[in-house]
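Report on the structure
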Amino acid sequence: MMPSESGAESPDRAAAQVETAAASAVATAAPAGGGPEPEAASASLGRHLSGLSWPQVKRLDALLSEPIPIHGRGNFPTLSVQPRQIVQVVRSSLEEQGLRVHGVRLHGSAASHVLHPESGLGYKDLDLVFRVDLRSEASFQLTKEKLVKVCTDTDRWSLISLSNKSGKNVELKFVDSVRRQFEFSVDSFQILLDPLLLFSQCSSTPMSEAFHPMVTGESLYGDFAEALDHLRHRVIATRSPEEIRGGGLLKYCHLLVRGLRPRPSTDVSALQRYMCSRFFIDFPDLAEQQRMLERYLEAHFSGADSARRYACLVTLHRVVNESTVCLMSHERRQTLALIATLALQALAEQGPAAVASLAWRSPVPDGVVPATVNYYVTPVHPLLSRAHASYPTWLPCN
C-alpha cells in the first residue's frame, strides 16, 4: 500500500478511504444544477482528501486527452499518444500478466496545475503513479524497461520515463510503498484517475456540469484545503524537511525564483539549515553535488527558462552561503565555487542576451543585481578535472 502521509490517518485506512470514494464516484453523476460541492466531499472523505470541482474535472479531462509526442531512440519512430491511452495500455498489460493495479494517480506539478493553473508554476513532466504489489522480484521484472528500481524496507517502486524532446516527459511510476513522495505542500497533490477513465469508457453521454464523475484528490502534505491555499497564495511550506532526499534545497530555491515565499510563521533560518544539512548528507562530495546540480538544471531549466536557471543558481549560492553549518570552511568554499561557476556558465551561454537574463526580482530585499554586465566567454573546465579522487565534504553537527 502507498502511504497517504496524512499524519492523522493510518496508511491502510487512508488508502481504503480513497478506493471507497473512487468506487462510489464512478457510478454517481453530479446532480443537476452545478455538480458536487468540493467542501462537502472533503468533509466526508477526510482532511487529506477532496472532491474536484467541475472546472477542475474539465481541466483533468483535457490534460488526459492532449496528445503528447513520445520520441523514440535510434530508428524508433515518434508516437503521438494521449495520456489516457498510455494508462489504459499499461494497465491492461500488467493485469494480463497477473499484476493487479489498485489505482492510477496523476501526481506532482501536473496535478497542481489541474487544481489551480493560475499559480504560474506550470508543469513539465506528466507523472503517473500506478499502485501495484511489488513484494516479489517477479513483480519488478514485469516492468522490463524500468530506468530506476528502488527496493528497501520502506520503499518499493520502479520508474519508466517516456522521453519528449520538448521536456514534457511521461513518467510512469510503479509504487508498492514509498516513505515520502512530496517535498513541499504545493507539489503534494495526487488525483485519482480511475473514476474519470472508467466514465469515459462506460458512458456514451458526454460529460457536463450536470453529469460527470466525482473525482477525488489527495494531499500527501496532510491537509488538502491548507495545501490548496498555499498553492493559491504562492506559499512555501513543508513538513520534516530533513526527511526529504537532498533536503528539498534545489526545489526550495526554484520556488523562490518562481515568486513563492515561506509563510510568515516559518523560521526561515532553521528551515534552510535543515535543508542544507540534508543536502550535504545525501551528496557528500563535490562530484556528487555537481552531478545532482546539473541533472536538476537540465530537467527544470531549458530553452526559455535559461534566465531562471541563472537566477536559481544565484539564489542557491546565497542560501548555501548563509545556512550551511556542517561543512569545514574550505569545503564550503569549494561548493560555493562550484555553484558560482555553473551560474557564470549559464550567464555566458546566453551571449548578448545575458543582460536580459538578469531581469528577475531578487528573492531577498537587499539583493543587488547589476544593471549591465561586461564579459567575454572563455572555455570553462570543470572544477573536478584536476581531482584525482573524490573525498567526503560533510562532517556531523555536534
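First, a word on what this report is: a plain description of the structure on this page. (Residues numbered from 1 in each chain as written. Predicted model: local features only at pLDDT ≥ 70, side-chain atom pairs only at ≥ 80, totals over all residues. Heavy atoms only, no water.)

Some remarks on the sheet that holds strand 5 (residues 126-132)
Across the sheet, eight strands lie side by side as 1-10-9-4-5-8-7-6; this open sheet has mixed pairing. The open sheet terminates on both sides in strands that have one partner only, identified here as strand 1 (49-51) and strand 6 (148-151). Shown here is a sheet whose adjacent strand axes are inclined to one another by a mean of 25 degrees, direction ignored. In the sheet, strand 5 pairs with strand 8 (residues 170-177) via six bridges, with the strands oriented parallel. From the neighbouring strand, V129 faces strand 8, where its bridge partner is K173. Packing against the sheet, helix 4 (residues 83-96) makes contact with strand 4 (101-107), strand 5, strand 7 (156-162) and strand 8, and its axis sits at approximately 155 degrees to strand 4. (Pairing = 2+ DSSP bridges. Helix = DSSP H or I, 4+ residues; strand = E, 2+ residues; numbered from the N terminus. Axes fitted to C-alpha atoms, helices over the stretch in contact; angles between N-to-C directions. Contact = heavy atoms within 4.5 Å.)

Observations regarding the environment of A340
When you line up the elements, A340 lands in helix 13 (residues 329-348). Between the C-alpha atom of A340 and that of H317, which follows or precedes it by 23 residues, the distance is 7.0 Å.

Some remarks on the packing of aromatic side chains
If you walk through the whole model with that rule in mind, you get seven aromatic pairs. Seen from their ring centres, F279 and F280 are 5.4 Å apart, and the 85 degrees between their planes marks the pair as edge-to-face. As far as burial versus exposure is concerned, F279 and F280 are alike and both buried. Ring centres of F279 and F283 lie 5.1 Å apart, and the angle between their planes is 50 degrees; on these two criteria the pair is classed as tilted. Note on accessibility: F279 and F283 belong to one class, buried. Taken together, the aromatic side chains of F279, F280 and F283 make up a single cluster linked through ring pairs. K173 extends its terminal NZ or CZ atom over the ring of W157, reaching a point 4.2 Å from the ring centre. Over the face of the ring belonging to Y221 we find R239, whose NZ or CZ atom lies 4.2 Å from the ring centre. (Phe/Tyr/Trp six-rings, centres within 6.5 Å; stacked < 30°, edge-to-face > 60°. Buried < 20%, exposed > 50% of the residue type's maximum accessible area, 1.4 Å probe, protein only. Lys NZ or Arg CZ within 6 Å of the ring centre and 35° of its normal.)

Thoughts on the nonpolar core
Formed by 82 residues in total, the largest nonpolar core has its most connected members in L106, F130 and I191. Discounting residues that sit within four places of it in the chain, L106 has contacts with L60, L63, A111, V114, L126, D127, L128, F189, Q190, I191 and L193. Within the second largest apolar cluster, five residues are counted, among which are V129, W157, V175 and V178. (Core = buried A, V, L, I, M, F, W, Y, C linked by side-chain atoms within 4.5 Å.)

Overview of the side chain of E331
Within the secondary structure, E331 is located in helix 13. This buried residue, E331, is left without a salt bridge; R333 holds the nearest opposite charge, at 9.9 Å. In terms of polar contacts, E331 uses its side chain to reach the backbone amide nitrogen of M328, at 2.9 Å. (Lys, Arg positive; Asp, Glu negative; His and termini not counted. Salt bridge = Lys/Arg side-chain N within 4 Å of Asp/Glu carboxyl O. Polar contact = N/O pair within 3.5 Å; in protein donor to acceptor, adjacent residues only side chain to side chain.)

Observations concerning helix 12 (residues 306-323)
For helix 12, with 18 residues, the first-to-last C-alpha span of 26 Å sits near the 26 Å given by 1.5 Å per residue. Of the residues making up helix 12, those classed as buried are S306, R309, Y310, A311, C312, L313, T315, L316, R318, V319, V320 and S323. (Expected span 1.5 Å × (residues − 1).)

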